[in-house]
Amino acid sequence: MKTISYYLVLAVVLVFMRSIQSQDQDDEDDEPSFDDRLKMLQKQFADHLGIRSYRPMDVLKLKTLLSELGIIDELRTQMIQDRIMCGTCQALIRKLQLNDISVQIIGTAICTLYISLTTLTLSDFCKEIIRINRPILEFIVRESHILTPEYACSVLLQNDNCYYSNPALTWRIEIPEGGPGLNSKISYRMRQDEPPLKILHLSDFHVSFDYAVRSVSDCGYPVCCKRGLGNPLRPHNAGSWGDYNCDIPPWLLGNTMTHINNTHKDIDLIYFTGDIIDHTIWKASKDDNSREIASTFRVLAESFPNTPILPAIGNHESVPLNVFAPPSIKEERFSQNWLYELNSKLLTQWIPPESLTTVRSQGYFAILANYKLRVIVLNNNVCYIYNWWLLYDTRFLREQLEFLKKELLEAESLGQYVHIVSHVFPGTRECIEPWEVNYNSLITRFAHIIKGQFFGHTHTDSLKVFYSKIDGTPNNVGYNGASLTPFVKYNPNYKIVVVDPDTFDVLDVETYYFNLTEANLHPNRFPRWQLLYSMKEAYQFDQLSPENIDMLAQNLFQNRSLFNQYWRYYVRDSDISLQEGCNTECRTNLISDIIRTESMTSV
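Quantities reported herein were computed from a predicted structural model and do not represent experimental measurements.

Engineer: Please explain the overall build of the protein as it appears in this structure.
Structural biologist: Within the protein, the regular secondary structure consists of 21 helices and 12 strands. Within the protein, the proportion of its 603 residues that are buried is 62%. In the protein, 73% of the contacts between residues at least 6 apart in sequence involve partners at least 24 apart. Total accessible area on the protein stands at roughly 23,000 Å², and carbon and sulfur atoms take up 49% of it.

Engineer: Just checking my understanding: could you explain unusual backbone geometry for this structure?
Structural biologist: In terms of backbone geometry, most residues other than glycine have negative phi values and most peptide bonds are trans. Cis geometry marks the peptide bond from V319 to P320; its omega dihedral reads -5°. With respect to the helices, strands and loops of the structure, P320 is situated in the loop between β3 (309-311) and α12 (337-346). Along the chain, F487 connects to V488 via a cis peptide bond; the corresponding omega equals 0°. Following the sequence through the fold, V488 ends up in the loop between β9 (474-480) and β10 (493-499). Although it is not a glycine, H457 adopts a positive phi angle of roughly 80°. Topologically, H457 is positioned in the loop between β7 (450-455) and β8 (463-467).

Engineer: Help me understand the sheet that holds strand β12 (residues 530-534) in this model?
Structural biologist: Backbone-to-backbone hydrogen bonds join strands into a sheet, with any given pair of strands oriented parallel or antiparallel. The strand order β3-β2-β1-β10-β11-β12 describes an open sheet built from six strands, whose pairing is mixed. Looking at the sheet topology across the chains shown, the edges are occupied by β3 and β12. Strand-to-strand twist of the sheet, defined as the mean angle between neighbouring strand axes without regard to direction, takes the value 25°.

Engineer: Is there a simple way to explain the packing of helix α10 (residues 250-263) against helix α11 (residues 286-303) in this structure?
Structural biologist: To describe two helices that pack against each other, one gives the angle between their axes and the distance between the axes. Running from amino to carboxyl end, α10 crosses α11 at an angle of 20°, the nearest separation of the two axes being 10 Å. The angle between α10 and α11 places the two elements in the roughly parallel class. Seen from above, α10 lies across α11 with right-handed handedness. Seen from α10, the contacting residues are L253, M257 and N261; seen from α11, they are T296, V299, L300 and S303.

Engineer: Sorry, what's going on with the environment of F466 here?
Structural biologist: Inspection of the secondary structure assignment puts F466 in strand β8. Counting along the chain gives 19 residues from F466 to A447, while the straight-line C-alpha distance between them is 9.2 Å.

Engineer: Just to check I follow, could you spell out helix α7 (residues 125-143) for this structure?
Structural biologist: Note on helix geometry: an α-helix contains 3.6 residues per turn, so any two residues three or four positions apart are oriented the same way. Helix length check: α7, at 19 residues, gives a terminal C-alpha distance of 28 Å against a target of 27 Å (1.5 Å per residue), a fit within 8%. Along α7, the largest kink reaches about 40° and is centred on N133; proline P135 follows within four residues of it. What α7 keeps buried is the set F125, C126, E128, I129, I130, I132, N133, I136, L137, F139 and I140.

Engineer: Before we go on, may I ask you to explain the environment of S599 in this structure?
Structural biologist: With respect to the helices and strands, the residue S599 is situated in the segment after α21 (584-595). Judged by relative accessible area, which is 0%, S599 ranks as buried. Spatially, the C-alpha atom of S599 lies 7.4 Å from that of C431, the residues being 168 residues apart in sequence. Ignoring sequence-local partners within four residues, the contact set of S599 consists of Q158, G427, T428, R429, E430, C431 and E436. Looking at S599, its side chain comes within polar contact range of the main-chain nitrogen of R429, at 2.7 Å.

Engineer: Whenever I open this one, the nonpolar core confuses me. Can you help?
Structural biologist: The nonpolar side chains of a soluble globular protein tend to be buried, and buried together. Counting 169 residues, the largest nonpolar core has L202, Y439 and M535 as its most contacted members. Ranked by size, the runner-up nonpolar core spans 21 residues in total, among them C111, C126, L321 and F487.

Engineer: What's the story with the packing of helix α19 (residues 560-570) against α21 in this structure? I'm lost.
Structural biologist: At a closest axis distance of 12 Å, the pairing of α19 and α21 adopts a crossing angle of 80°. On the basis of their axis angle, the class for α19 and α21 is roughly perpendicular. The segment α19 lies against α21, with R560, F563, Y566, W567 and Y570 engaging C586, R587, L590, I591 and I594. Its residues assigned to classes, the contact of α19 with α21 shows eight nonpolar, no polar and two charged.

Engineer: Got a minute to help me understand the pairing of strand β6 (residues 417-421) in this structure?
Structural biologist: Working note: regular strand, side chains alternate between the two faces of the sheet. With five of five residues buried, β6 is to be regarded as a mostly interior element. Across the two faces of β6 the burial is the same, with Y417, H419 and V421 and V418 and I420 all buried. Between the parallel pair strand β5 (residues 373-377) and β6, the chain is carried across by helix α14 (residues 398-413), and the sense of this crossover is right-handed. As judged from the four bridges shared by β6 and β7, these two strands associate in the parallel manner. Across the sheet, residue H419 finds its bridge partner in β7, namely G452. You can see the chain leave β6, run along helix α15 (residues 433-445) and come back into β7, and the turn it takes is right-handed.

Engineer: I would appreciate a short explanation of the sheet that holds β7 in the present structure.
Structural biologist: Spatially, the six strands line up as an open sheet ordered β4-β5-β6-β7-β9-β8, and their pairing is mixed. The open sheet is flanked by β4 (365-370) and β8, the only strands paired with a single partner. Neighbour to neighbour, the strand axes of the sheet diverge by 25° on average, direction disregarded. Its contacts with the sheet put α15 on β6, β7, β8 and β9, and the angle it makes with β7 is roughly 150°.

Engineer: Can you help me understand the packing of aromatic side chains in this one?
Structural biologist: Aromatic rings considered in pairs are described by the distance between their centres and by the relative angle of their planes. Inspection of the entire model under this criterion finds 30 aromatic pairs. Taken together, a centroid distance of 3.8 Å and an interplanar angle of 5° make the contact between Y533 and Y569 stacked. On the criterion of sequence distance, the pair formed by Y533 in strand β12 and Y569 in helix α19 is long-range, its members being 36 residues apart. Judged by its relative accessible area of 5%, Y533 falls in the buried class. By the ring-pair criterion, three or more aromatic residues cluster together here, those being F139, F334, W389 and Y392. We note K464 situated over the ring of F425; from NZ or CZ to the ring centre the distance is 5.4 Å. The residue whose ring lies beneath R587 is F563, and the NZ or CZ to ring-centre distance is 5.4 Å.

Engineer: What should I look at first to understand the pattern of salt bridges in this one?
Structural biologist: Two side chains with opposite charge may pair up if their charged atoms get near one another. For the structure shown, the criterion picks out 26 salt bridges. Across the pair R333 and E331 runs a salt bridge whose closest N-O atoms are separated by 3.0 Å. Each of the salt bridges in this network shares a partner with another, and the network as a whole consists of R374, K406, E407 and E410.

Reading the values: rules and limits
- Residues numbered from 1 in each chain as written.
- Predicted model: local features only at pLDDT ≥ 70, side-chain atom pairs only at ≥ 80, totals over all residues.
- Heavy atoms only, no water.
- Helix = DSSP H or I, 4+ residues; strand = E, 2+ residues; numbered from the N terminus.
- Buried < 20%, exposed > 50% of the residue type's maximum accessible area, 1.4 Å probe, protein only.
- Contact = heavy atoms within 4.5 Å.
- Areas by Shrake-Rupley, 256 points an atom, 1.4 Å probe, with all protein chains shown as cover.
- Pairing = 2+ DSSP bridges.
- Axes fitted to C-alpha atoms, helices over the stretch in contact; angles between N-to-C directions.
- Parallel < 35°, antiparallel > 145°, perpendicular 65-115°, else oblique.
- Left-handed = near helix turned anticlockwise from the far one by under 90°.
- Expected span 1.5 Å × (residues − 1).
- Bend = angle between axes of the 7 residues up to and from the residue.
- Polar contact = N/O pair within 3.5 Å; in protein donor to acceptor, adjacent residues only side chain to side chain.
- Core = buried A, V, L, I, M, F, W, Y, C linked by side-chain atoms within 4.5 Å.
- Nonpolar A, V, L, I, M, F, W, Y, C, P; charged D, E, K, R; others polar.
- Right-handed = clockwise from strand over helix to strand, strands pointing away.
- Phe/Tyr/Trp six-rings, centres within 6.5 Å; stacked < 30°, edge-to-face > 60°.
- Lys NZ or Arg CZ within 6 Å of the ring centre and 35° of its normal.
- Salt bridge = Lys/Arg side-chain N within 4 Å of Asp/Glu carboxyl O.

Here is the structure:
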């Protein structure tokens with residue numbers, strides 16, 4: 001989920017620089033003036049961060065801010081409009097490497113801009129975020145052997161106009177030959193004597209353990225509804241069951257698990273696609289995260305004592321947020337070994353001892369759910385572009401990709417089928433090239449046995465169609481679990497995935513939700529959970545095949561009524577999101593996201 005981590009320190013500066021799209025010419029060619037382009041910069045910066053409404057900073061103040069960063073001259077003199085942001089990015093990296101500018105200065109300036117755009121209150125979260133991330137960034141700038149301006153901007157910008165081929169981005173794993181061929185059709189059949197499997201898909205809890213009813217829900221911080229947070233003169237209107245600007249109270253997690261347990265008594269397996277920790281990222285600590293992860297796992301275990309639970313790590317579980325160091329980094333202050341060790345202890349109740357070795361290495365594992373279904377759970381947060389360690393090393397990603405290949409080969413040789421569970425959706429310009437390209441190559445090679453991919457992270461009810469890298473035909477589908485948290489402006493949900501017990505194809509996906517506005521009007525009764533939609537029925541599918549999902553994506557471009565239906569489900573009938581609507585740019589982005597699985601590939 002996009003949070004303030006996007007605009008902290010180095011990466012955020014680089015991101016908002018992409019917004020400058022025209023050269024500084026005040027002449028007869030009707031080019032926008034420099035002031036106009038600075039206004040455009042703010043709008044596009046806000047759009048990139050998902051800020052739906054913003055208040056532009058005074059242009060004079062913005063010029064002062066850019067001057068303090070030492071980049072105002074670059075913005076004025078760049079002559080190739082599509083490469084202004086790229087040149088500025090490279091200039092900033094050079095300044096960092098030459099010690100002409102500090103992480104502290106960059107972080108402070110960008111956080112000031114963010115506060116201005118979002119009309120938040122100047123507060124301590126900027127200082128704390130910089131404090132948490134500064135040591136890692138300073139170490140990487142000082143010690144990295146691969147950090148160059150061109151390389152850094154290729155990683156952090158994920159922009160076609162700022163891509164430079166580099167060995168750290170272009171390495172590939174060997175893809176084994178074999179398989180039945182890419183034109184083999186998936187068999188949608190079910191044994192008559194056995195009911196379908198029911199898999200509960202949970203995602204993105206973001207539990208706010210210090211949530212306070214009737215606290216300030218518009219508090220001046222990126223996330224609110226917490227004890228003692230915000231101006232006491234502002235309205236105290238945080239609802240009993242949550243708020244569209246906040247993460248969930250712990251009792252909503254308990255209520256959800258109780259409701260699921262009472263309503264769906266035939267659940268065979270549970271996939272959790274990550275993110276337990278809330279968005280108070282300026283206060284993240286290993287002790288707090290450890291305690292909250294353990295508490296949440298305990299709720300899951302007590303709610304479903306007889307059902308295997310297979311959880312993926314979310315990007316919010318690490319400290320700092322998003323940061324997953326290579327195994328070669330042994331220093332305790334940089335390593336996430338504490339998280340991997342914690343997970344290995346908590347997972348002993350659900351996975352066998354032989355699977356824990358890889359959990360302790362990088363937080364991933366594989367397990368046989370039964371004799372015919374192999375579930376591979378990845379920690380693909382390592383590929384996230386805001387994992388600062390990608391500026392230091394990328395080849396440590398190879399470990400998980402080779403593991404995935406090994407597990408797929410073994411499953412194929414034993415006649416097993418595979419489900420893949422991870423957190424970050426590929427193809428959203430948030431995962432670096434070597435992971436996405438190699439991952440997609442493996443999906444192409446083993447599409448005949450991979451029967452479902454399950455993700456989280458975006459908080460949206462969305463889909464991914466994977467296409468053969470050989471002939472371009474649709475060959476696999478990824479499903480997003482959306483989120484239990486309503487942050488930002490969604491209704492809470494969970495999903496029931498109906499699976500063929502023989503072929504393990506996904507037969508249907510049912511999304512359940514409740515309306516948060518309605519629930520808060522009745523604080524003394526439980527939320528009214530209900531079925532939002534069945535994917536098979538809503539889109540009139542005979543089967544959830546890659547071909548049908550691809551056809552849905554193509555029809556969304558042409559059929560506005562169909563898109564409006566998709567948008568409703570995407571936000572789970574959220575009152576506030578439906579009121580704001582989805583404009584042409586929003587619509588294009590949503591549809592493109594369905595059919596893009598490699599960020600650097602145009603659609």
